[in-house]
Amino acid sequence: MIDILYQDDALLAVNKPANLAVHRSTFVGPADEFLIDLLREQVGDSVYLAHRLDRATSGLLLVARSKEVAAALGEQFMQRTVHKQYLVVVRGWPEPAGGVVDYPLPGSRDTGPRREARTHYRRLATIEVPIELGRYPQQRYALLLAEPESGRFRQIRKHLAHIHHPVIGDCQHGRGDHNRLYKQHFGCHRMLLHAWRLCFAHPATGAAMEIEAPLDAAYAALLERFGWTLPGVSEEE
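Reference entry: report on the structure contained in this document. (Residues numbered from 1 in each chain as written. Predicted model: local features only at pLDDT ≥ 70, side-chain atom pairs only at ≥ 80, totals over all residues. Heavy atoms only, no water.)

Below, the discussion takes up the packing of aromatic side chains. Here the structure, examined in full by the defined rule, presents five aromatic pairs. Here Y182 and F226 contribute two aromatic rings whose centre-to-centre distance is 6.3 Å and whose plane-to-plane angle is 85°, an arrangement assigned as edge-to-face. Remark: F226 occurs in helix α5 (residues 217–226) and Y182 occurs in helix α4 (residues 176–186); sequence separation between them is 44 residues. Judged by centre distance (4.9 Å) and plane angle (70°), the ring pair of F226 and W228 falls under edge-to-face. W228 sits in the buried class, given a relative accessible area of 7%. Through a chain of ring-to-ring contacts, the aromatic side chains of Y141, Y182, F186, F226 and W228 assemble into a single cluster. Above the face of the W196 ring, R197 is positioned so that its terminal group lies 4.0 Å from the ring centre. (Phe/Tyr/Trp six-rings, centres within 6.5 Å; stacked < 30°, edge-to-face > 60°. Helix = DSSP H or I, 4+ residues; strand = E, 2+ residues; numbered from the N terminus. Buried < 20%, exposed > 50% of the residue type's maximum accessible area, 1.4 Å probe, protein only. Lys NZ or Arg CZ within 6 Å of the ring centre and 35° of its normal.)

Listed below in structure tokens is the structure:
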């Protein structure tokens, strides 16, 4: 069952599992299941994607109940009036104050024309683990809050790799040695990128909407192991 976080007559907000393709595509490779098909069967009605997430990415996805609502939501994403926040674990320690990656990116084909792309990021927590890898006796990792202005293909993954802080578990743009370390030492077999929160205008009423998608068990367990808490969540809670 797909976890439905919010629903009304116009739209659904769901929490997409990691490693589930949203829909059929030449870029996801062979897959037995697709979120859009599972959700259509679950709700017993037609549903339409308003935007997309990579197969390896988990988290909040908006799905419309009609083509008209899908188009209205899609227009908000195109106009960049949707505020998107992602939680991401990266190799290394970016600057404490965070920053902005302003680096043009191509579309789904690397040979295509590059278009402007900006991602804001803020460091939430850090850890140094006593595990030897390569020439370093200890490894540094950080939890970031990433806020992309645009929605280019694999934007957050490419931008963080560009500043030498790749996403843990990213097979295409990350570091294989650190990905293996997380599997072997922490039992983590997923990419640590999660679409956490969306703020947007309801396409039917215009009401301000803010929806948050909880982390899955594997991601939450890792944060607990590292002693990391999310913004607005105290250790007592």
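Next comes the rest of the account.
Another point: empty space enclosed by the protein. Scanning the model with the defined rule gives one cavity of 30 Å³ or more in all. Of the pockets and cavities examined, the largest cavity occupies roughly 40 Å³. As for the largest cavity, its lining consists of H51, L53, L60, K84, Q85, Y86, A195, W196, R197 and L198. Residue composition of the lining of the largest cavity, by class: six nonpolar, two polar and two charged. (1 Å grid on protein atoms, 1.4 Å probe; cavity = no way out; pocket = protein on both sides within 12 Å on 5 of 7 lines; lining within 4 Å. Points joined across faces, edges and corners; volume = space filled by probe spheres on them. Nonpolar A, V, L, I, M, F, W, Y, C, P; charged D, E, K, R; others polar.)

So, about the layout of surface pockets. Gaps between atoms show up when a probe of the same size as a water molecule is rolled over them. Computed from the structure, the largest pocket encloses a volume of approximately 1300 Å³. Sorting the residues of the lining of the largest pocket by element identifies α2 (67–79), β5 (83–91), α3 (155–162) and α4 as the ones contributing at least two each. Its residues assigned to classes, the lining of the largest pocket shows 20 nonpolar, 15 polar and 13 charged. R91, Y136, Q138, Q139 and R140 are the residues nearest the centre of the second largest pocket, which is lined by 15 residues in total. Those elements that place two or more of their residues in the lining of the second largest pocket are β8 (139–148) and α4. Counted by class, the lining of the second largest pocket contains three nonpolar, seven polar and five charged residues.

Next up on the list: α3. For α3, the tally of buried residues reaches six of eight residues, placing the bulk of the element in the interior. Of all the positions in α3, only Q155, I156, R157, K158, H159 and L160 are classed as buried. For α3, the secondary structure elements touched by its buried residues are β5, β6 (99–102), β7 (118–129), β8 and β9 (193–201). Count one or two residues on from α3 and you reach H164, which has phi positive near 65°. (Contact = heavy atoms within 4.5 Å.)

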